[in-house]
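Secondary and tertiary structure notes
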Amino acid sequence: MTLSIKNISVLTIVCLLLAACSGTKHLPPGEKLYTGLETELESAGHIRKKARRYISHTAANAVRPEPNKKFLGSRPKLWMYMTAGDHPESRFKKWLKKRGEAPVLMSSVKPSVTASLINASLFNIGIFKSYTEYKSIEKKHTGKFIYISHIHEPYTVKDIVYAVADEKINRIILSETKKSWIKPGDYYSLEKLKNERLRVDAILKNHGYFYFSPDYLLFKADTSSADRSIVFTLALKDSVPEEALGEYRINDVFIDQDYSLDEADADSRKDTVSIRGTCFLGKESEMKIRPKVISRSVYFRKNDIYSRKNHNITLNRLMTMGNFKFVRIKFSEPETISSGFLDAGILMTPMPQYTFRAEMDVVSKSNDNAGPRFNVSFMNRNAFRGAELLNLNLAASFETQLSGKEDLYSYTLNPKIELYFPRFLAPFKMKRTNSLYIPKTRFSFSYDLSRRVGYFDMQTLNFIYGFRWKEDIRKEHELDPVNINFTTLENKTEKFNELLETNPFLKKNYEEEFIAGGTYSYTYNEQVLPQRRMQYFLQLLTETAGNFFSLMNIIEGEKISAAKPSKVAGSAYSQYARLSVDGRGFYNFGDKSKMAFRVLAGVARPYGNSEILPYSRQFFSGGPSSIRAFSSNSAGPGTYNQNNDSIGFLQLGGEVKLEMNAEYRFTIYRFFKGAIFTDAGNVWLLESNPSDLGGAFSFSRFADELAVGAGIGLRVDVSFFVLRFDLATPLRKPWLEDNERWVIDQINIGSRSWRKENLILNIAIGYPF
C-alpha cells in the first residue's frame, strides 16, 4: 500500500499536534516536569537472574509519585489541565481541569523518602542490608531521578518449626503443613508470612476455634549471616484470651426466613417449630418455604464442632437460592449451659416472590433488518413452596428490510416456560455436594413461530431437562441429558421453492428437523476476580444427537443410512457430533482500560442417519458479536459470497468455524467507553457439496480464506446496561481472487458508494465478548 501526499500531510499534522500536547509550555517559572525514574541494582556478589528481576520489580513498585500519564509520546491529560489556565473562568475551564491531570513537578518529588521506601520494600523480600542512593538528571523543561540500590542475595528459608504452646492446636496445625506458604529454599517474604498466619487461622476456625485470630500468632526468626538463611518458629503470643484457645460446638440453630430489621425485637415472641434438630421461627403453615428445603442448605447441626467452612457454605447456598435479599448468621453463647457452645441464629430477609417485567425496543441489525421487539416475563421465586423458580416468558418481534426489497419482512412469536428446582432432581439418588453453590435442575419448554411472509412458516418445539452446578466461583458445569428439538416448515410458497431448487445444499438445510440428544458445557471464568491483571475465560461446549435411536435400530437389526434415513414419529432424526471452544483473555491496564482477545473454534460432523448438519446446529460468522465488518451470518462458507446471491435472507452456515478478535477498550468520559478492534474468521464445510459453496475446509488454505475487518466502537456502559455502537469496514474479502482479497488500499471515506458498500454499523446490547 502506498501513501498519498494528502495522507502524509495528515500524518505530519497529527504528529505535530501530539508533540504540542507535551504539557511543558505553561509550567511555573523555575519548575521542571517530573518524567519518571530509573532503578539500578549493584551487588558485590553474584545474584541469580530470576532473583534480580524480582528485586528490580519490587524496587520499581515502591517508587512514588507516578509521573503524568503518556499516550503515543504525549501527555494529553496534562495538556488539558495546563490549557485550562488560558481560558477565562467558565464551565469549559472547570471541565478541562476535572478531566485533565495536574503536573507532577520535580520539586514535589522527595527522593530521600523514596529511597527509604525502596529499602523497606527490599527488606520485606529478604534483603536486610540494602541502601539506596539517588541522583537527578535534568533537561530544559523536564527531569527524572535515578535510584541505585546496593543489594545482596536475599535471605532464604532454611526451616520452619511449629511450636505452639497449646498441644492440641499445634497438632491440628502440623496435620496440614503441606499447604504451608513457607517452604525451605524459598526467599524470605513478609507477604508469605502474613498469608501463612491467615492459613493457620482458617485451619483452626474449621476445627472449632471460633474466637481465634491470626494476630495471636508470632513468627520468631533465627538468621545466619554466613549462608544468609532463616529458621522460623511459629508460636503463640504471650497474651492470648482464654476463649481463643477453646474449641466451640454448635448448640441450638434458630432460623427466621422472614426476618426484618423493623421487627427484630419481635423475633423472640414468634412461635417455633423444631425440624431435624433445627428450630424455625413462626408457624409451619405460614412459612413461605418449607423448612425441609431450607434445612438442605444449612450445614450446622447440634453438637457439631463449629466450622468456618460450613459457615460460609450455609451463607452462600442460602443466598444463591435466589429467594432472599440478605442472609446473616448471628452467633451467641447460651446462658443456660456451660461454655464451649454457640447458638446460631440464621436471619433471612426475603425478596418479593413475584416479578413482572415488560420490555419494548427497536432492533436494528447489521443485515439491514429493523423492527420492534416485545418481551413480557413473569417470575415466581417460590412456585411450590420449595424455592422453585418459575419463569413464564413471551417474546414477539416484527422485522422488515430497510433496503426496500419486496416481501422481505417477518414476525416471530416465542412463548417459553422454565422451571428450576434448587437441587439435583434425577431418577436415581445423587450424592449431596459440599459446594458453596446450590445445584439446580432445569425443565424448559418453548415454542417458536417464525413467519417469513411470502416464503414460509417455521415452527419449532423445544424441551430441555438438565442440571447446573458450580465447583467454585470460577468453574461452572451445565449438563442437559435430554434436549429435544422438532422443527417443521409449512406454507412454503412457490417463490421459496424456486430459491431452494437453485441450491440443493440449501434445500437440505430447510428440511424438517428432529433432534434428540444431549449437551454438556464447562465454563472457567476469571472475570469474577477483578483484582487480577490478566484474566482468562474458557468455555467448552459438546453436543451429540441421534445416537440413542441409532443404537435401538441396530439392536433391532435395522441398517443405518443417510441415503434412507430412519424415522421416529414420522420424522427422520438427526445424528451428529458437535464441539466448540471459546477462549478469551483480558489484560487490565492501571488506567481502567483493557485489551480483550478471543479465539473461537468449532467443528461439527453429521454421520449415521444424517447427510448434513441441521441448520440450527451449523456455525455462522459475521455480525455484532462476530466479525463486525460483515453483516450477520454473511461470511463464508469458505470463499463463497453470500451478498451477491439471490437467496437473500437464507444465510448459509458451515461445519467448521475459526474466529479471532482483538479489542482495546478505554474510557472516554464517565460511562462513555471507546474501543478499537479487529476481527478475523470464517466458516467452512468439511466436504465439498453439490453446489460447491466455497470449497471444503483445508489446513493448507484456510488462512488465505479468512475474512478480516476492523473498526471503532462507542459504548454507553452504566454497569447494569451496555448499549454498543461498533462501526467497522472489511480489510479482507475472502470471496475475491487470491491476489485481490486485501482491500485496504481501496478505502475511500470520501466516496458515498464505498461507504454504503463497506461501512457496517452494529448496534447491540452488551459487549461482543
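Residues numbered from 1 in each chain as written. Predicted model: local features only at pLDDT ≥ 70, side-chain atom pairs only at ≥ 80, totals over all residues. Heavy atoms only, no water.

1. Brief notes about a positive patch on the surface
A contiguous patch of positive charge on the surface is contributed by Arg-276, Arg-290, Lys-292, Arg-385 and Arg-432. With respect to the secondary-structure elements, Arg-276 resides in the loop between β8 (272-275) and β9 (278-281). (Patch = residues over 30% accessible without salt bridge, like charges linked within 9 Å, V, L, I, M, F, W, Y side chains within 5 Å. Areas by Shrake-Rupley, 256 points an atom, 1.4 Å probe, with all protein chains shown as cover. Salt bridge = Lys/Arg side-chain N within 4 Å of Asp/Glu carboxyl O. Lys, Arg positive; Asp, Glu negative; His and termini not counted. Charge placed at Lys NZ, Arg CZ, Asp CG, Glu CD. Helix = DSSP H or I, 4+ residues; strand = E, 2+ residues; numbered from the N terminus.)

2. Considering the pairing of strand β6 (residues 229-236)
The element β6 is extensively covered by neighbouring structure, given that six of its eight residues are classed as buried. Of the pairings in the sheet, the one linking strand β4 (residues 156-162) to β6 comprises six bridges and is parallel in character. Counterpart to Thr-156 in the pairing with β6 is Ser-229. Here strand β5 (residues 217-224) runs beside β6; their pairing, made up of eight bridges, is antiparallel. Looking across to β6, one finds that Phe-219 is bridged to Leu-234. Between β5 and β6, which pair antiparallel one after the other, the connecting turn spans four residues, and Arg-228 there sits at a positive phi close to 50 degrees. (Buried < 20%, exposed > 50% of the residue type's maximum accessible area, 1.4 Å probe, protein only. Pairing = 2+ DSSP bridges.)

3. Some remarks on helix α5 (residues 111-123)
Taking 1.5 Å of rise per residue, the 13 residues of α5 would be expected to cover 18 Å, and the 18 Å separating its terminal C-alpha atoms lies within 8% of that figure. Of the positions making up α5, those classed as buried are Pro-111, Thr-114, Ala-115, Ile-118 and Leu-122. The buried residues of α5 occupy one face: seen down the axis, they fall within an arc of 100 degrees. Considering only its buried residues, α5 is in contact with α2 (49-61), β2 (131-138) and β3 (142-151). (Expected span 1.5 Å × (residues − 1). Arc of directions from axis to C-beta. Contact = heavy atoms within 4.5 Å.)

4. Quick notes on the sheet that holds β2
If you trace the three strands from one edge of the open sheet to the other, you get β1-β3-β2, paired in mixed fashion. Every interior strand has two partners, whereas the edge strands, β1 (33-43) and β2, have only one. Between one strand axis and the next, the sheet turns by 20 degrees as a mean value, whatever way the strands run. In this structure, β1 lies alongside β3, joined through nine bridges in parallel fashion. (Axes fitted to C-alpha atoms, helices over the stretch in contact; angles between N-to-C directions.)

5. Some thoughts on the sheet that holds β5
Pairing between the strands of a sheet is mediated by backbone hydrogen bonds and can be parallel or antiparallel. Read from one edge of the open sheet, three strands run β4-β6-β5, paired in mixed fashion. Each end of this open sheet is capped by a strand with a single partner; those strands are β4 and β5. Each strand of the sheet is rotated relative to its neighbour by a mean of 25 degrees, with strand direction disregarded. Its contacts with the sheet place helix α7 (residues 190-205) against β4, β5 and β6, and it is angled at close to 140 degrees to β5.

6. Digging into the environment of Arg-423
Inspection of the secondary structure assignment puts Arg-423 in the loop between β15 (409-421) and β16 (440-452). Taking relative accessible area as the criterion, Arg-423 reaches 24% and is therefore assigned partly exposed. Remark: the alpha-carbon pair of Arg-423 and Thr-441, spanning 18 residues in sequence, is separated by 6.2 Å. Other than its neighbours up to four places away in sequence, Arg-423 contacts Arg-296, Pro-439, Lys-440 and Thr-441.

7. Comments concerning unusual backbone geometry
In this model, Arg-64 is joined to Pro-65 through a cis peptide bond whose omega is 0 degrees. Relative to the elements of secondary structure, Pro-65 occurs in the loop between α2 and α3 (76-83). Positive phi, normally seen in glycine, also occurs at Asn-491, with a value near 55 degrees. Here Asn-491 falls in the exposed class, since its relative accessible area comes to 52%. Backbone geometry at Asn-633 places phi at a positive 60 degrees, although glycine is not the residue there. With respect to the helices and strands, the residue Asn-633 is situated in the loop between β24 (594-606) and β25 (656-669). Exposure remark for Asn-633: the relative accessible area of 28% places this residue in the partly exposed category.

8. Structural notes on the side chain of Arg-598
Its place among the elements puts Arg-598 in strand β24. Under the relative-accessibility criterion, Arg-598 is labelled buried at 6%. One polar contact links the side chain of Arg-598 to the main-chain carbonyl oxygen of Ser-625, over a distance of 2.8 Å. Not counting chain neighbours up to four residues away, the residues in contact with Arg-598 comprise Asp-582, Gly-583, Arg-584, Ser-625, Ser-626, Glu-659, Met-660, Asn-661, Pro-768 and Phe-769. (Polar contact = N/O pair within 3.5 Å; in protein donor to acceptor, adjacent residues only side chain to side chain.)

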